[in-house]
Amino acid sequence: MTTVDDRHAVEPEDSGNGLSKGGGQSDAVLEITDFSVAYRTLGGDVRAVDHVNLFLRPGEVVGLAGESGSGKSTLAYGACRLLRAPAVITSGSVIYRGRRMARPVDILSETKEELRALRWREISIVFQSAMNALNPVLNVRDQLVDVMHAHLQLSRSEAVDKAAELLDFVSIPRSRLKSYPHELSGGMRQRVMIAMALATDPEVVIMDEPTTALDVVVQRDILSQVVELKDRLGFSVLFITHDLSLLLELANRVAVMYAGKLVEVGTAREMLHEPAHPYTKGLLNSFPSVRGPRRELTGIPGSPPDLRSLPPGCPFLGRCGYGTDACREVDMSLVRVTTSADPDHVTACPFVLPGTPVPTSPTGATAPAQVLPAPEGPLS
């Protein structure tokens, strides 16, 4: 197998950033290690999340991006043990280190009673569809008060007062406390979900595509409020979306997921200016830029692979313009991008660097789905 020259080769990540197998991140409030989830079917297991390592520091926003079906929501719900059969967690640990906890706890080994006390008090979720997540027969006040009664020692009057303050946080008039979900706009429902997620002062808030189906003006308002509330209240955010452009403005670090695996992790700045993995580059070329020179939107050809029968090596090979025969041997371990200024910038592709040009066809057009012969010399 042809390899990359030593001057450009990436090296296994061992700096303790919690991304490589066996690594650790002692200052992380949430640390997901070697985590795998499979869906049991008559035709065999469908591995939706495959040995993922990810961590979240206090006060940090980590973005999780990828196409629909890449495993983002399954990772988040599995880490909180919210998945039902036929989903099965097959490996890994999820360590939570909250300020209110006497010791770190592994969420995967907690009892049902311990999980009930942990969820929403320590880790809350803004679900993808607010209309489905909110109870249609309870008004906003009763739903917020119900959350606080389950976890906080508050009288009803104190809970109602706090519910009103929560609506102030998310810029909704207090008069809407008596409104039912169907009486609210889509943006208001999302804000109510955010208020509910913050009702018990959690340390980690998981936001699963909270701006999906909202117009761009409402999206920006909600994202601005998320940042403002995070800075004011000091919680950490795992923000899940298929829209990488949102994360470049919102997140401190971005993790890109494909076919159940993390393929690249780095700071938002590095991911914007020096993306290493071909899939990340494809995502960046799938939305227009509002500044700078015009550029062609190339997108990503084809569709994600069938998780029931993944090809050997890199699962992105069939859609990749950089593909070679050597990609069939890649083990998809996250390794450091040695040309990057960020020591925690890691990628699952050992052959492509941020400045590597896309191979072209004889006519000059890119050939993203073509598997090219292995390179004769080092990548430049």
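Below you will find a few notes about this structure.

Rules used in this analysis
- Residues numbered from 1 in each chain as written.
- Predicted model: local features only at pLDDT ≥ 70, side-chain atom pairs only at ≥ 80, totals over all residues.
- Heavy atoms only, no water.
- Helix = DSSP H or I, 4+ residues; strand = E, 2+ residues; numbered from the N terminus.
- Buried < 20%, exposed > 50% of the residue type's maximum accessible area, 1.4 Å probe, protein only.
- Contact = heavy atoms within 4.5 Å.
- Areas by Shrake-Rupley, 256 points an atom, 1.4 Å probe, with all protein chains shown as cover.
- Pairing = 2+ DSSP bridges.
- Axes fitted to C-alpha atoms, helices over the stretch in contact; angles between N-to-C directions.
- Salt bridge = Lys/Arg side-chain N within 4 Å of Asp/Glu carboxyl O.
- Parallel < 35°, antiparallel > 145°, perpendicular 65-115°, else oblique.
- Left-handed = near helix turned anticlockwise from the far one by under 90°.
- Nonpolar A, V, L, I, M, F, W, Y, C, P; charged D, E, K, R; others polar.
- Polar contact = N/O pair within 3.5 Å; in protein donor to acceptor, adjacent residues only side chain to side chain.
- Core = buried A, V, L, I, M, F, W, Y, C linked by side-chain atoms within 4.5 Å.
- Expected span 1.5 Å × (residues − 1).

### Some remarks on the overall build of the chain
Of regular secondary structure, the chain possesses ten helices and 13 strands. Here the chain holds 380 residues, and the buried ones make up 51% of them. In the chain, the proportion of contacts linking residues at least 24 apart, taken out of those at least 6 apart, comes to 66%. Just so you have it, the chain exposes about 17800 Å², and 51% of that area is on carbon and sulfur atoms.

### Digging into the pairing of strand β5 (residues 87–96)
As defined by bridge partners, strand β2 (residues 30–41) adjoins β5 across eight bridges and the pair is classed as antiparallel. Each residue of the ladder has a partner; that of Ser36, found in β5, is Ser91. In this structure, β5 lies alongside strand β6 (residues 105–106), joined through two bridges in antiparallel fashion. By the bridge assignment for β6, Tyr96 is matched with Val105.

### Some points on the sheet that holds β5
Spatially, the four strands line up as an open sheet ordered β3-β2-β5-β6, and their pairing is antiparallel. On the outer flanks of this sheet lie β3 (44–56) and β6, each paired with one strand and no other. In this sheet, β3 lies alongside β2 in antiparallel orientation, the contact comprising nine bridges. Bridge pairing in β3 places Val37 opposite Val49. Against the sheet, helix α1 (residues 72–79) engages β2, β3 and β5, with an angle of about 110 degrees to β2.

### Overview of the pattern of salt bridges
Scanning all chains against the criterion turns up 19 salt bridges. One salt bridge connects Arg308 with Asp306, and the closest N-O pair in it is separated by 2.9 Å. According to the relative accessible area criterion, Arg308 is exposed, its value standing at 63%. A network of salt bridges, in which partner residues are shared, links Asp27, Arg57, Glu60, Arg253 and Asp344.

### So, the pairing of β2
With nine of twelve residues buried, β2 is to be regarded as a mostly interior element. Turn length for the β2-β3 hairpin, with the two strands adjacent in sequence and antiparallel, is two residues.

### Considering unusual backbone geometry
Look at the link from Ala85 to Pro86: it is a cis peptide, with omega at 15 degrees. Checked against the element boundaries, Pro86 lands in the loop between α1 and β5. Despite not being glycine, Asp34 has its phi angle at roughly 50 degrees, a positive value. Turning to its location among the elements, Asp34 is positioned in strand β2. Asp34 gets classed as buried once you look at its relative accessible area, which sits at 17%. A positive phi angle, close to 60 degrees, is found at Ser171, a residue other than glycine. If you trace the backbone, Ser171 turns up in the loop between α5 (156–169) and α6 (186–197).

### What about the packing of α6 against helix α7 (residues 216–233)?
One can describe the packing of α6 onto α7 by two numbers: an axis separation of 10 Å at closest approach and a directional angle of 15 degrees. Considered as vectors, α6 and α7 are oriented roughly parallel to each other. As α6 runs across α7, the sense of the crossing is right-handed. Contacts between α6 and α7 involve Gly187, Gln190, Arg191 and Ile194 from the first element and Val218, Asp221, Ile222, Gln225, Val226 and Leu229 from the second. Broken down by class, the residue content of the contact of α6 with α7 amounts to five nonpolar, three polar and two charged.

### Quick word on the side chain of Glu60
Mapping Glu60 onto the fold places it in the loop between β3 and β4 (61–65). Here Arg253 takes part through its side chain, which lies 2.7 Å from a polar atom of the side chain of Glu60. The residues contacting Glu60, other than those within four sequence positions of it, are Phe55, Ser236, Val237, Asn252 and Arg253.

### Examining the nonpolar core
Leu30, Leu75, Tyr96, Leu144, Ile206 and Leu262 are the most contacted members of the largest nonpolar core, which totals 109 residues. In terms of residue count, the dominant contributor to this core is α6 (seven residues). The residues touching Ile206, leaving out its near neighbours within four places in the chain, are Ala76, Cys80, Ile123, Ser124, Ile125, Val126, Leu238 and Ile240.

### Thoughts on the side chain of Thr200
One can find Thr200 in the loop between α6 and β8 (204–208). On the basis of relative accessible area, Thr200 is assigned to the buried category, the value being 0%. Looking at Thr200, its side chain comes within polar contact range of the main-chain oxygen of Trp120, at 2.4 Å. Those residues in contact with Thr200 that lie beyond four places of it in its chain are Arg100, Trp120, Arg121, Val147, His151 and Leu152.

### Some remarks on α7
The terminal C-alpha atoms of α7 lie 25 Å apart, and with 18 residues this matches the ideal 26 Å at 1.5 Å per residue to within 8%. Where α7 is buried, its residues touch β4, α5, α6, β8, β9 (236–241) and α8 (244–250). Two or three places before Val217, at the opening of α7, Asp215 has a side-chain oxygen 3.0 Å from that residue's backbone nitrogen. Looking at the residues trailing α7, positive phi occurs at Gly234, about 80 degrees.

Read these as layout, nothing more, since geometry by itself doesn't imply function.
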